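If you want the building blocks of each chain, they are given just below.
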Amino acid sequence: MNLNWSQEKYIKAYKFAAIAHQGQTIPGSETPYIMHLSFVAMEVIAALSTEQNCDGDLAVQAAILHDTIEDTNTSFAQISDEFGEVVAQGVLALTKDNSLEKSLQIEDTLRRIQEQPKEIWMVKLADRISNLQAPPHYWTKEKINKYRDEGILIYETLKGASNFLASRLNHKIEVYQKFLL
Ligand code: NI
């Protein structure tokens, strides 16, 4: 079998993310935030076994680091120093621009992701696959509905990056419907 990603790079990124996200929990739970990053990386690795001509190291490192700029004190420069410019650019593209009005953020993020290699598209698909679980108890129907619509937009915009992840996201969107009943 020909692995297109390295365990050593996974470990280095995971340690970095574990320290950066130290003390954070998944919203609405007491589960350590790092679980989310493990799930996103796992989805990406599952997809890598089905994809040809993929830079697996880029996909895996970006998956593990994807929330560091958005949710921790980590800077673009730190990621660039530790993991290289390409990974850092990918993570930056996956970072919401909080200076924009909330309703404009997702389209802006998707536009910036589309300027990146397909490995970064794969991380966004994997992120939403992982996030389409039972919503936090305090979410309103309206918020749940909006989150589902956003999932559809992500699917439609980025599905070309990976058939495997696209069909998995499509399935998650269908199942998510039950939280609207
Ligand atoms: Ni995420």
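Residues numbered from 1 in each chain as written. Predicted model: local features only at pLDDT ≥ 70, side-chain atom pairs only at ≥ 80, totals over all residues. Heavy atoms only, no water.

**With respect to the overall build of the chain**
Looking only at helices and strands, the chain features 10 helices and 0 strands. Going from the N terminus to the C terminus, the chain shows its helices and strands as α-α-α-α-α-α-α-α-α-α. Taking 16 Å as the expected radius of gyration for a compact globule of 181 residues, we find that the chain reaches 16 Å, a close match to that expectation. By principal-axis analysis of the C-alpha atoms, the chain measures approximately 45 × 35 × 30 Å. A separation threshold of at least 6 residues defines the contact pool for the chain, and within that pool the share at least 24 residues apart is 67%. Accessible area for the chain stands at about 9600 Å²; split by element, carbon and sulfur atoms hold 51% of it. Side-chain charges of the chain comprise 18 positive and 24 negative groups, with the mean position of each set lying 5 Å from the other. (Helix = DSSP H or I, 4+ residues; strand = E, 2+ residues; numbered from the N terminus. Rg over C-alpha atoms; globule rule 2.2 N^0.38 Å. Contact = heavy atoms within 4.5 Å. Areas by Shrake-Rupley, 256 points an atom, 1.4 Å probe, with all protein chains shown as cover. Lys, Arg positive; Asp, Glu negative; His and termini not counted. Charge placed at Lys NZ, Arg CZ, Asp CG, Glu CD.)

**Quick look at the coordination of the nickel ion**
Protein coordination of the nickel ion is provided by His36 (NE2), His66 (NE2), Asp67 (OD) and Asp127 (OD), with donor distances spanning 2.1 to 2.6 Å. Coordination at the nickel ion is irregular: its 4 donor atoms span angles of 77 to 167° at the metal. Judged by relative accessible area, which is 6%, His36 ranks as buried. (Donors = N, O, S within 2.8 Å, 3.2 Å for Na, K, Ca; no water. Tetrahedral: all angles 85-135°; square planar, octahedral: opposite > 155°, others 65-115°. Buried < 20%, exposed > 50% of the residue type's maximum accessible area, 1.4 Å probe, protein only.)

**Brief notes about the packing of aromatic side chains**
Counting across every chain of the model gives 6 aromatic pairs. When the ring of Tyr176 is compared with that of Phe179, the centres are 5.4 Å apart and the planes differ by 65°; the resulting orientation is edge-to-face. Classification of Tyr176 as buried rests on a relative accessible area of 1%. Ring pairing ties together the aromatic residues Trp139, Tyr147, Tyr176 and Phe179, which thus form one cluster. The aromatic ring of Tyr147 is capped on one face by Arg128, whose charged end is 3.9 Å from the ring centroid. Sitting over the face of the ring of Trp139, Lys143 holds its NZ or CZ atom 4.7 Å from the ring centroid. (Phe/Tyr/Trp six-rings, centres within 6.5 Å; stacked < 30°, edge-to-face > 60°. Lys NZ or Arg CZ within 6 Å of the ring centre and 35° of its normal.)

**What to know about helix 10 (residues 163-176)**
Its 14 residues place the ends of helix 10 20 Å apart at the C-alpha level, agreeing with the 20 Å of an ideal helix rising 1.5 Å per residue. Those residues of helix 10 that sit buried are Leu165, Ala166, Leu169, Ile173 and Tyr176. Considered in projection along helix 10, the buried side chains sweep an arc of 100° and stay on one side of the axis. Facing away from the buried side of helix 10 by more than 90 degrees, the exposed set consists of Asn163 and Glu174. Buried-residue contacts for helix 10 involve helix 2 (34-48), helix 8 (118-131) and helix 9 (141-158). (Expected span 1.5 Å × (residues − 1). Arc of directions from axis to C-beta.)

**Topic: the pattern of salt bridges**
Scanning all chains against the criterion turns up 11 salt bridges. Of the charged contacts, one joins Lys118 and Glu51 as a salt bridge, the two residues approaching to 3.9 Å between their closest N and O atoms. In this pair, Lys118 sits in helix 8 while Glu51 sits in the loop between helix 2 and helix 3 (56-65), placing the two residues 67 residues apart along the sequence. Asp108 is paired through a salt bridge with Arg111; the nearest N and O atoms lie 2.9 Å apart. Of this pair, Asp108 and Arg111 both sit in helix 7 (residues 102-114), 3 residues apart, roughly one helical turn. The network of salt bridges with shared partners includes Asp108, Arg111, Arg112 and Glu115. (Salt bridge = Lys/Arg side-chain N within 4 Å of Asp/Glu carboxyl O.)

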